[in-house]
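Below, each chain spelled out in residue letters.
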Amino acid sequence: MVGLKNIRKKRNLNQQKVAMDLNISREALSYYENGKREPSLALLVEMSRYFNVSINYLITGEEFEKR
């Protein structure tokens, strides 16, 4: 979840704020950012909408490239 941590930091948001907005614990968000736990597909979609980025970006840190 490289992109999750990157986008949160780029937008100057702390873990507590994002966790509260997504209705998850700060610890859960930290686990997702550090690869200790994987979010559900529903939560990935919610995070994608929250940050207005693709799910691919949240996972890899790179936007999906059309071929």
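See the structure above.
Criteria and cut-off values
Sequence order sets the numbering: in each chain, residues are counted from 1 along the sequence as written. The model is predicted, so local features are restricted to residues of pLDDT at least 70 and side-chain atom pairs to those at 80 or more, both for listing and for counting; the totals for chains, interfaces and linings are taken over all residues. Heavy atoms throughout the structure, all of them, feed into the side-chain values; hydrogens and water do not. Where helices and strands are cited, they refer to DSSP runs of H or I of at least four residues and of E of at least two residues respectively, numbered from the N terminus. Atoms considered for the radius of gyration are the C-alpha atoms alone. The globule rule reads 2.2 Å times the number of residues to the power 0.38. Burial status follows relative accessibility: with a 1.4 Å probe on protein chains alone, a residue under 20% of its type maximum counts as buried, one over 50% as exposed, and anything between as partly exposed. Contacts are assigned to residue pairs that have any heavy atoms within 4.5 Å of one another. Take the buried Ala, Val, Leu, Ile, Met, Phe, Trp, Tyr and Cys residues and link them wherever side-chain atoms come within 4.5 Å; each set so joined is a nonpolar core.

A. Quick look at the overall build of the protein chain. Check the secondary structure of the protein chain and you find five helices and zero strands. In sequence order, the protein chain lays out its α and β elements as α-α-α-α-α. Over its C-alpha atoms the protein chain spans a radius of gyration of 11 Å, differing by no more than 12% from the 11 Å that the globule rule assigns to 67 residues. Referenced to the eigenvectors of the C-alpha coordinate spread, the extents of the protein chain come out at roughly 40 × 25 × 20 Å.

B. Spatial organisation of the environment of Leu41. Relative to the assigned elements, Leu41 resides in helix H4 (residues 41-51). In this structure Leu41 comes out as exposed when scored by relative accessible area, which is 60%. With 21 residues separating them along the chain, Leu41 and Glu62 place their C-alpha atoms 18 Å apart.

C. Summary view of the environment of Lys10. Summarising the element assignment, Lys10 is placed in helix H1 (residues 2-10). Assessed through its relative accessible area of 61%, Lys10 is described here as exposed. As a C-alpha pair, Lys10 and Ile24 span 14 residues in sequence and 20 Å in three-dimensional space.

D. Local environment of the environment of Arg37. Mapping Arg37 onto the fold places it in the loop between helix H3 (26-33) and H4. A sequence separation of 36 residues divides Arg37 from Met1, and the C-alpha atoms of the two residues are 9.6 Å apart. If near-sequence neighbours (up to four positions away) are discounted, Arg37 is found in contact with Ala28, Tyr31 and Tyr32.

E. Spatial organisation of the nonpolar core. Among the nonpolar cores identified, the biggest contains 16 residues, and Leu4, Met47, Phe51 and Leu58 are the most heavily contacted of them. Among the elements of the structure, H1, helix H2 (15-22), H3, H4 and helix H5 (55-60) are those that each provide at least two residues to this core. Ranked by residues supplied to this core, first place goes to H4 with four residues. Excluding anything up to four places from it in sequence, Phe51 contacts Leu4, Ile7, Arg8, Arg11, Leu13, Val18 and Leu58.

F. Highlighting the side chain of Ser48. Along the chain, Ser48 falls in helix H4. If near-sequence neighbours (up to four positions away) are discounted, Ser48 is found in contact with Val53, Ser54, Ile55 and Leu58.

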